[in-house]
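# A structural walkthrough
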Amino acid sequence: MTAPTSVYAEMAAELTYDSTGGDSTFQSMGTLTENPIMLIFDNQSSVAIAITNDITKTWRTFPAGEGLVLDLRANHGLPSEFSFKKTTELFASSAVGTGNFSISYIYARLFP
């Protein structure tokens, strides 16, 4: 099997959580439609927000105003070798606040 050599980055639809609906339980932000290469987590709310893909545990809590870029390629790998699988559902939890938390991501697409 040969590895793909001609790919380009494509932007996926952003996932968003509105902290005004926070009730300290995990709420779905949506589902990944592609296998991400790089994700941008951006808390533009007034409260800390916990993020996970498994509602039995918190992956990370983002303080108000914090952002994080997660590069799943570790700056050198092939995009298909390490990623969240598409159809992964992501969840957020917070107290009531103002503002949103967003997850933006790019994925690799083969040139036609």
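Residues numbered from 1 in each chain as written. Predicted model: local features only at pLDDT ≥ 70, side-chain atom pairs only at ≥ 80, totals over all residues. Heavy atoms only, no water.

What follows covers the pattern of salt bridges. As enumerated under the stated definition, the model contains two salt bridges in all. The salt bridge partner of D54 is K57, with a shortest N-O separation of 3.0 Å. Look at D54 and you get partly exposed, because its relative accessible area is 27%. (Salt bridge = Lys/Arg side-chain N within 4 Å of Asp/Glu carboxyl O. Buried < 20%, exposed > 50% of the residue type's maximum accessible area, 1.4 Å probe, protein only.)

Quick look at the pairing of strand β8 (residues 89–93) now. With respect to burial, β8 is a largely interior element, four of its five residues being buried. In this structure, strand β5 (residues 49–52) lies alongside β8, joined through three bridges in antiparallel fashion. In the strand pairing of β8, I51 is matched with A92. (Helix = DSSP H or I, 4+ residues; strand = E, 2+ residues; numbered from the N terminus. Pairing = 2+ DSSP bridges.)

Okay, the nonpolar core next. Counting 18 residues, the largest nonpolar core has M29, F41, I49, I51, F101 and I103 as the members making the most contacts within it. Elements that contribute at least two residues to this core include exactly β2 (15–18), β4 (36–45), β5, β8 and β9 (99–110). With four residues, β9 is the single largest residue contributor to this core. Ignoring any residue separated from it by four or fewer positions in sequence, one finds I51 in contact with M29, F41, T58, W59, R60, F62, F91, A92, F101 and I103. (Core = buried A, V, L, I, M, F, W, Y, C linked by side-chain atoms within 4.5 Å. Contact = heavy atoms within 4.5 Å.)

So, about the packing of aromatic side chains. Within this structure, the stated rule accounts for four aromatic pairs. With a centroid separation of 5.6 Å and 20 degrees between ring planes, the pair formed by F41 and F62 is classed as stacked. Taken together, the residues F41 in strand β4 and F62 in strand β6 (residues 60–62) connect sequence positions 21 residues apart. For the pair shown, F41 and F62 are each scored as buried. Relative to F62, the ring of W59 has its centre 6.3 Å away and its plane inclined at 50 degrees; by these criteria the two rings are tilted. The exposure class of W59 is partly exposed, given its relative accessible area of 44%. The class of F62 is buried, set by a relative accessible area of 0%. (Phe/Tyr/Trp six-rings, centres within 6.5 Å; stacked < 30°, edge-to-face > 60°.)

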